[in-house]
Amino acid sequence: MKLYRRLVEYEGKLISRDVVAFGEAAVIVPVKSENRLVFVKQWRAPLRRWIIELPAGRVEQGEEPLIAAKRELEEETGFIAEKWELLGSFSVAPGYSDEVLTFFLAENLRYVGEHPEIGELVETVEMTPEEYISQASKGFGDLKTMTGVFLYLNMKKGYLRL
């Protein structure tokens, strides 16, 4: 991650904006069984607390988002998926960051054993999307996960295909 100042000329004026360069990340919505999703409970140092979120991770330079999603799912949860579907890509905070999240649905899960990165404190948690939504307001959730849960519910109900 880098912080830099971007100068843009617009209508003869020089405009300065601070930008956080983060890049791309993959977010996985792992469906374990009918209406049960796999989340990770993870210690987040900036918040100084545990939160429950969908498995996710950075897309490395030259890596395809789906490859990153497969790697992160196995690292964080110990599951691999036989079926993958792209749910969409979205800018996180375009006012100050270039970060883009690409969401994937992962189905037909098989447990092979997790192997989190050094310093990554995670444990898996299973719950329904509705359970997550009802408890997220109590402070253990994040917008990335809420977006993934809503994308899953939208896809499941057939409201809109992205």
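Scroll up for the structure.
If you're wondering where the values come from, they're calculated on a predicted model, not measured in any experiment. (Residues numbered from 1 in each chain as written. Predicted model: local features only at pLDDT ≥ 70, side-chain atom pairs only at ≥ 80, totals over all residues. Heavy atoms only, no water.)

(A) Here's a closer look at the nonpolar core. Of all hydrophobic cores here, the largest spans 25 residues; its most connected members are Val29, Leu37, Phe39, Ile52, Leu105, Tyr132 and Tyr152. Secondary-structure elements contributing two or more residues to this core are strand S3 (24-33), strand S4 (36-44), strand S8 (100-111), strand S9 (122-127), helix H2 (129-140) and helix H3 (143-157). Considering every element that reaches this core, the biggest residue donor is H3, with six residues. Ile28, Val38, Ala81 and Leu109 belong to the second-largest nonpolar core, a separate cluster that totals 13 residues. (Core = buried A, V, L, I, M, F, W, Y, C linked by side-chain atoms within 4.5 Å. Buried < 20%, exposed > 50% of the residue type's maximum accessible area, 1.4 Å probe, protein only. Helix = DSSP H or I, 4+ residues; strand = E, 2+ residues; numbered from the N terminus.)

(B) Broad picture of H3. Compared with the 21 Å implied by 1.5 Å per residue over 15 residues, the 21 Å span of H3 between its first and last C-alpha is a close match. Within H3, the full set of buried residues consists of Lys144, Thr145, Met146, Gly148, Val149, Leu151, Tyr152, Leu153, Asn154 and Met155. Immediately downstream of H3, the backbone of Gly158 shows phi near 75°, a positive value. (Expected span 1.5 Å × (residues − 1).)

(C) Inspection of the packing of H2 against H3 at higher detail. At a closest axis distance of 10 Å, the pairing of H2 and H3 adopts a crossing angle of 145°. The handedness of the crossing between H2 and H3 is left-handed. Contacts from Pro129, Glu130, Tyr132, Ile133 and Ala136 of H2 reach H3 at Thr145, Met146, Val149, Phe150, Tyr152 and Leu153. When the residues that make up the contact of H2 with H3 are grouped by side-chain class, the tally is nine nonpolar, one polar and one charged. (Axes fitted to C-alpha atoms, helices over the stretch in contact; angles between N-to-C directions. Left-handed = near helix turned anticlockwise from the far one by under 90°. Contact = heavy atoms within 4.5 Å. Nonpolar A, V, L, I, M, F, W, Y, C, P; charged D, E, K, R; others polar.)

(D) Representation of the side chain of Glu53. With respect to the element layout, Glu53 can be found in strand S5 (residues 49-53). In this structure the side chain of Glu53 is engaged in a polar contact, spanning 3.0 Å, whose partner is the side chain of Gln42. Polar contacts involving the side chain of Glu53 include one to the side chain of Arg44, which spans 2.8 Å. Apart from the residues within four sequence positions on either side, Glu53 is in contact with Phe39, Val40, Gln42, Arg44, Asp142, Lys144 and Thr145. (Polar contact = N/O pair within 3.5 Å; in protein donor to acceptor, adjacent residues only side chain to side chain.)

(E) Looking closely at the side chain of Glu63. Within the secondary structure layout, Glu63 lies in the loop between strand S6 (56-58) and helix H1 (65-77). You can call Glu63 buried: its relative accessible area is 18%. A polar atom in the side chain of Glu63 sits 2.8 Å from the backbone nitrogen of Glu60. Discounting residues that sit within four places of it in the chain, Glu63 has contacts with Arg58, Ala68 and Arg71.

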